[in-house]
Amino acid sequence: MKRKVKVPSAKRFERFRKSRAGRLLFEKGALYHALAFIVPAVLMLIGFGQRGIHPFGSQQMLVVDLWHQYYPFFRVVSEKLRTGGSFLYSWENGMGTNFLSLISYYAASPLNLLSVFTPDSAARDALTYILVAKIGFAGAFFSCFLRYTYRRRDLSIVIFSTMFALCSYMLGYYWNVMWFDTVALFPLVMTGVVALCREGKWKLYTLMLALSLVSNYYIGYFTCIFTIFMFLAAAVIECRGVRDFLRKLWLIARSSVIGIALGAFMLLPAYEGLKLTYSINNQFPKTIKWYEKWYDIIANLLSYSEPAKKDGLPNFACGMLAVVLFGVFLFSAGIKIREKIAATSLLTLIFVSCNLNVLNFIWHGFHATNQIPYRFAFIFCFVLVTAAYRAYDVMTAKGIKIYQLLLLVPAPAFVFGLNVWKMNKGGGFSFDGAFRASVLITGAYLLIFLAGRLFPFREEKKRAVVLNAALAVAVIAELTSNTILGVRTVGSSSYTSYPYLNESVQKLLADMREDDDSLFSRAEMTSTYTLNDSALYSYYGVSQFSSMANVSVTRYFRRLGLYASEAGNRYYYRNSTPMVNDLLGINYIISKGSRLNNSAMSLEHISEEDTSHLYRSKYPMSVGFMMNSDVQKIELAAADNPFEFQNSIITHATGLNESIFTRQPVREFSFENAEGEKTDFGTYNFDVTDTNEKSSLTLYYDGVEGAYLYGYVKNGAAETVDVKCDGVVADSGISADDYPIVFPMGDGQEGSSFEATLNIEDDRSSGAINMQVYALNEEAFDRAYAELADEQLELTEFSDTRLRGTINVKRRGILYLSIPYERGWSIYVDGKKVSTTKVFDAMLGAEIGPGEHEIELRYFPDGLGKGLIISAAAAIAFLLLTAAERAARKRRRARRAAASPADSNNETKDVEK
């Protein structure tokens, strides 16, 4: 019987290293790339765990626009993936939205495809883990950049990759989840640039540029701009002579065109969608100005500081190790002068671009941002960490020199000195926690490098291993604290209460679908929870808050007396008049929390669940109905009064020579903690008596026989409005400080008394309030409704991108469709395509003659057809160039093989001689 020979563990490890799997892990660097993914991802999970983010607690990461926009849109994507819905159009956003254009900014992440495996109830958790994966990929892809650029495969690339993946930009802005695919891909694009300049390899750059633009065109735009400067920097370092530079210039230009063209199927529809938004109207800055003080920006490189969440200084911090090594990079031997010039030039470019308004405007797509003013600051972190790694590479290649130890001090000393100077300038000298912690961790790094210099090692490889391990511990400790601080700074919200009263709402929506006998009906909430409730709760609604909001629809909402802001990229619903509901196609209303006391005329209560109630419109309207052609003659520029605008629509659309709304006088008014007077219809000037106390204006009105009162507040001096009818609260807390709004005042008629209390904003000492009240005559509206409802489009088929139905038209007019106008819509009447038209400069319509007609609507996003053709052509060009390159390599190998025997024969003859 043979005895088993015990193999020492060191030999077993060495044997494993030489195996195929070992070579993949160590020689190819797969182990370090995996660690570069795992470490930042785990640290991010630790940060979430400390904050109690679900499943570690009862909180969620949804804050700010992630609460209002990004998650609701992500939920719709997940829903469409599970149900097979079209990604071209969605009825769950803003009366109908070009969904391809919407997701091109908000939800085009390839990782979002994983949400198909999660139920709707787990969608928030799925988004959390997808974000963690993006942070991990940022580290993994940065490690690929370091491995290729500096040809190192050890733990050091994990250390520095984690510094990039958890820099202050990531920790302050991670709630903008849709940016981070392209931020993570950024190092791969730059790896492609280096490979192109070094070896003429262009395919990685082309494909990663395309994927970056498809994932998020906005951050992809930053990538495109920086690629220009990165190419120049890499060309200076890598290219050999002018001829080689010109060849690489041709390659980068050709590859950029192909890469952008590959993404045209997403980019062109996005561009066409942007042309419909308010952002298209941005004007170039007329004067040059600096945003921040230079020393404030540099001092903000301090670690352990709260990152900027919405406003503040650029998020440039990426750990004190990057600052410590910067002096070595600038002054150490072993790094070429052109490398130093290239890196410092790139850092200066980003530094100045963040702070100079003109360059900042250009970087942000010729657009003035609404908060988060330095959205490309991650590029600074990328360059700074890369420079730090280059310094570390030089220090550890041939052993740490004494002068290099001295060069570790100046950069952090400069940052600390600026902070001390700022403290003294502020009137007091006190070391805060961030300053002390940064000094301590900097001291730890200096001691590690000093120990790496002083401790004797037989082999330099062992020195590098120990140094890497020590730095890894210190960096992970620093970044763990920064991550926990970043998550705490960004904040969280309750997991269990989001969406608010969801179970009740879903029950009412189920009741609505059972009650509705049509193929398509819209619903809305009496008040908003998010600004995209229809996307959040999954119903066909009219509200929308997004950068892709159609500005024409925004203006239409404002004219109707609904909340709307062009610059704010939003329009959303609040309980309004029955005429508004018909124009928007709203047939059901949900009130969360209480029963309505102000809609007896227009709404019928049909269901309730706990404290939530469902109402059906007494005046239901299809998605399309006929209007007289005279509606196109309405002067929209003068439509600044919602009631008169609706009167004008009725008279022009129906031909009835009567108004449904009539102006009502105020019976009396009184101020509390203020003095004032009435100067015009609905206008009241005031002066607050005591600015430390609450002040208000109360208006009193009499009821009108056969009519219901509606109020309209504008000017913004009133913060909120509370309404009572016969002493009973009809509505309260109506927001009036940001946007004008129309609201019902109660169910009373003749003999009733109404009062509206306008609560003046706390910071107002004087000003003017404008509130107008109109009465809606029920009989007049019944007649108008009968005229419009008599010629409705009856749907026989409905899907995301196609509607079919029939309509009986009595006389030639405009088929008004409560669908936002886009060139992507085509209308067919009896099988023949007809011209579409804008109605009220916002809605879709077409002129139709009398008779029974079959109507068909088809949607195909504007720009998608051209985009698909361009993308297909680019793909073919990419494949042909790849094939041609491969064929050229084969020919070169064949020529070398053919030349080898001849060379061998010549050598033999020489020997014989």
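From a predicted model like this one, the values you see are computed outputs, not experimental measurements. (Residues numbered from 1 in each chain as written. Predicted model: local features only at pLDDT ≥ 70, side-chain atom pairs only at ≥ 80, totals over all residues. Heavy atoms only, no water.)

(A) Structural context of the overall build of the chain. Looking only at helices and strands, the chain has 30 helices and 31 strands in total. Each of the three principal axes of the chain carries a C-alpha extent, and together these read 120 × 75 × 75 Å. Counting across all 913 residues of the chain, residues that qualify as buried make up 57%. Working note: accessible area of the chain is about 38,300 Å², and carbon and sulfur atoms make up 56% of it. Across the chain, the 94 positively charged side chains and the 86 negatively charged ones have centroids separated by 23 Å. (Helix = DSSP H or I, 4+ residues; strand = E, 2+ residues; numbered from the N terminus. Buried < 20%, exposed > 50% of the residue type's maximum accessible area, 1.4 Å probe, protein only. Areas by Shrake-Rupley, 256 points an atom, 1.4 Å probe, with all protein chains shown as cover. Lys, Arg positive; Asp, Glu negative; His and termini not counted. Charge placed at Lys NZ, Arg CZ, Asp CG, Glu CD.)

(B) Representation of the sheet that holds strand β17 (residues 696–702) in the model. Spatially, β14-β17-β22-β19-β20 is the arrangement adopted by the five strands of the open sheet, whose pairing is antiparallel. Whereas interior strands pair on both sides, the edge strands pair on one side only; in this sheet they are β14 (668–672) and β20 (728–735). With direction set aside, neighbouring strand axes in the sheet form an average angle of 15 degrees. Bridging between β14 and β17 involves five bridges; their strand directions are antiparallel. When the bridges of β17 are listed, Ser 670 appears paired with Thr 698. (Pairing = 2+ DSSP bridges. Axes fitted to C-alpha atoms, helices over the stretch in contact; angles between N-to-C directions.)

(C) Just unusual backbone geometry, in detail. In this chain, His 54 is followed by Pro 55 through a cis amide linkage whose omega measures 15 degrees. Mapping Pro 55 onto the fold places it in the loop between α3 (30–51) and β1 (59–60). In this structure, Pro 499 follows Tyr 498 across a cis peptide bond, with omega equal to -10 degrees. Among the secondary structure elements, Pro 499 is positioned in the loop between β4 (493–494) and α24 (502–515). If you check the backbone angles, Ser 538 has positive phi at about 70 degrees while not being a glycine. Within the fold, Ser 538 resides in the loop between α25 (533–537) and β6 (544–545). Phi at Phe 840 takes a positive value of approximately 55 degrees, unusual for a residue other than glycine. If you trace the backbone, Phe 840 turns up in the loop between β29 (837–839) and β30 (843–848).

(D) Local environment of the state of the cysteines. What the rule picks out here adds up to zero disulfides. Cys 381 supplies the cysteine sulfur nearest to Cys 318, a cysteine that is in no disulfide, at a spacing of 4.6 Å. Looking at Cys 318, the relative accessible area reads 3%, which means it is buried. Cys 381 supplies the cysteine sulfur nearest to Cys 354, a cysteine that is in no disulfide, at a spacing of 9.6 Å. (Disulfide = S-S within 2.5 Å.)

(E) Quick look at the pairing of strand β5 (residues 522–525). On β5, burial covers both faces: Arg 522 and Glu 524 on one face and Ala 523 and Met 525 on the other are all buried. Direction of pairing for β5 relative to strand β9 (residues 586–591): parallel, over a ladder of four bridges. By the bridge assignment for β9, Arg 522 is matched with Ile 586.

(F) Representation of the pattern of salt bridges in the model. Following the criterion strictly, the structure yields 39 salt bridges and no others. For Glu 272, the salt bridge goes to Arg 823, with nearest N and O atoms at 3.1 Å. Separated by 551 residues along the polypeptide, Glu 272 in helix α13 (residues 264–274) and Arg 823 in the loop between β26 (813–820) and β27 (825–829) bring together distant segments of the chain. Since its relative accessible area comes to 16%, Glu 272 is described here as buried. The residue Arg 667 makes a salt bridge to Glu 668 at a minimum N-O spacing of 3.7 Å. Judged by relative accessible area, which is 42%, Glu 668 ranks as partly exposed. The network of salt bridges with common partners includes Arg 75, Glu 79, Arg 82, Glu 92 and Asp 120. (Salt bridge = Lys/Arg side-chain N within 4 Å of Asp/Glu carboxyl O.)

(G) Local environment of the nonpolar core. Of all hydrophobic cores here, the largest spans 188 residues; its most connected members are Phe 160, Tyr 169 and Phe 449. It is helix α6 (residues 123–150) that contributes the most residues to this core, 16 residues altogether. Discounting residues that sit within four places of it in the chain, Tyr 169 has contacts with Tyr 174, Trp 179, Phe 180, Val 183, Ile 219, Asn 315, Tyr 374, Arg 375, Ala 377 and Phe 378. By size, the runner-up hydrophobic cluster in this structure holds 54 residues, among which are Met 95, Tyr 556, Ala 653 and Phe 840. (Core = buried A, V, L, I, M, F, W, Y, C linked by side-chain atoms within 4.5 Å. Contact = heavy atoms within 4.5 Å.)

(H) Structural detail: the sheet that holds β27. On the basis of which strands lie adjacent, the open sheet formed by five strands has the order β24-β25-β31-β27-β28 and antiparallel pairing. Every interior strand has two partners, whereas the edge strands, β24 (794–798) and β28 (832–834), have only one. Neighbour-to-neighbour, the strand axes of the sheet open up by a mean angle of 30 degrees, direction not taken into account.

(I) Structural detail: the packing of aromatic side chains. A complete count under the given rule lists 76 aromatic pairs for this structure. Arg 124 extends its terminal NZ or CZ atom over the ring of Tyr 495, reaching a point 4.0 Å from the ring centre. A cation sits over an aromatic face here: Arg 254 above Trp 202, 4.8 Å from the ring centre. (Phe/Tyr/Trp six-rings, centres within 6.5 Å; stacked < 30°, edge-to-face > 60°. Lys NZ or Arg CZ within 6 Å of the ring centre and 35° of its normal.)

(J) Layout of the packing of helix α26 (residues 551–560) against helix α28 (residues 642–654). Running from amino to carboxyl end, α26 crosses α28 at an angle of 100 degrees, the nearest separation of the two axes being 7 Å. Of the possible angle classes, the one that applies to α26 and α28 is roughly perpendicular. Seen from α26, the contacting residues are Tyr 556, Arg 559 and Leu 560; seen from α28, they are Pro 642, Phe 645 and Gln 646. The residue makeup of the contact of α26 with α28, split by class, is four nonpolar, one polar and one charged. (Parallel < 35°, antiparallel > 145°, perpendicular 65-115°, else oblique. Nonpolar A, V, L, I, M, F, W, Y, C, P; charged D, E, K, R; others polar.)

(K) The environment of Lys 289, seen in detail. You can see Lys 289 is positioned in the loop between α13 and α14 (294–299). Judged by its relative accessible area of 47%, Lys 289 is partly exposed. Each C-alpha atom, one on Lys 289 and one on Arg 82, is 50 Å from the other, the two residues being 207 residues apart in sequence. When neighbours within four sequence positions are excluded, Lys 289 is seen to be in contact with Asn 355, Leu 356 and Asn 357.

(L) Region of the structure containing the side chain of Ser 546. Counting through the fold element by element, Ser 546 comes out in the loop between β6 and α26. Polar contacts involving the side chain of Ser 546 include one to the side chain of Gln 544, which spans 3.0 Å. Setting aside chain neighbours within four positions, we find Ser 546 in contact with Gln 69, Phe 73, Leu 102, Tyr 106 and Asn 569. (Polar contact = N/O pair within 3.5 Å; in protein donor to acceptor, adjacent residues only side chain to side chain.)

(M) Region of interest: helix α22 (residues 433–454). Compared with an ideal rise of 1.5 Å per residue, which puts 22 residues at 32 Å, α22 spans 31 Å between its outermost C-alpha atoms and is within 8% of the ideal. Listing the buried residues of α22 in full gives Ala 434, Phe 435, Ser 438, Ile 441, Thr 442, Tyr 445, Ile 448, Phe 449 and Gly 452. Taken down its axis, α22 places every buried residue within 150 degrees of arc, on the same side. Of the exposed residues in α22, those oriented more than 90 degrees away from the buried face are Leu 440, Leu 447 and Leu 454. (Expected span 1.5 Å × (residues − 1). Arc of directions from axis to C-beta.)

(N) Molecular detail of a positive patch on the surface. Taken together, Arg 886, Lys 890, Arg 891, Arg 892, Arg 893, Arg 895 and Arg 896 make up a surface patch of like positive charges. With respect to the helices and strands, the residue Arg 896 is situated in helix α30 (residues 864–912). (Patch = residues over 30% accessible without salt bridge, like charges linked within 9 Å, V, L, I, M, F, W, Y side chains within 5 Å.)

(O) Summary view of the environment of Leu 857. Take Leu 857: it is sitting in strand β31 (residues 851–859). Here Leu 857 falls in the buried class, since its relative accessible area comes to 1%. Linking Leu 857 and Val 829, residues 28 residues apart in sequence, is a C-alpha distance of 9.0 Å.

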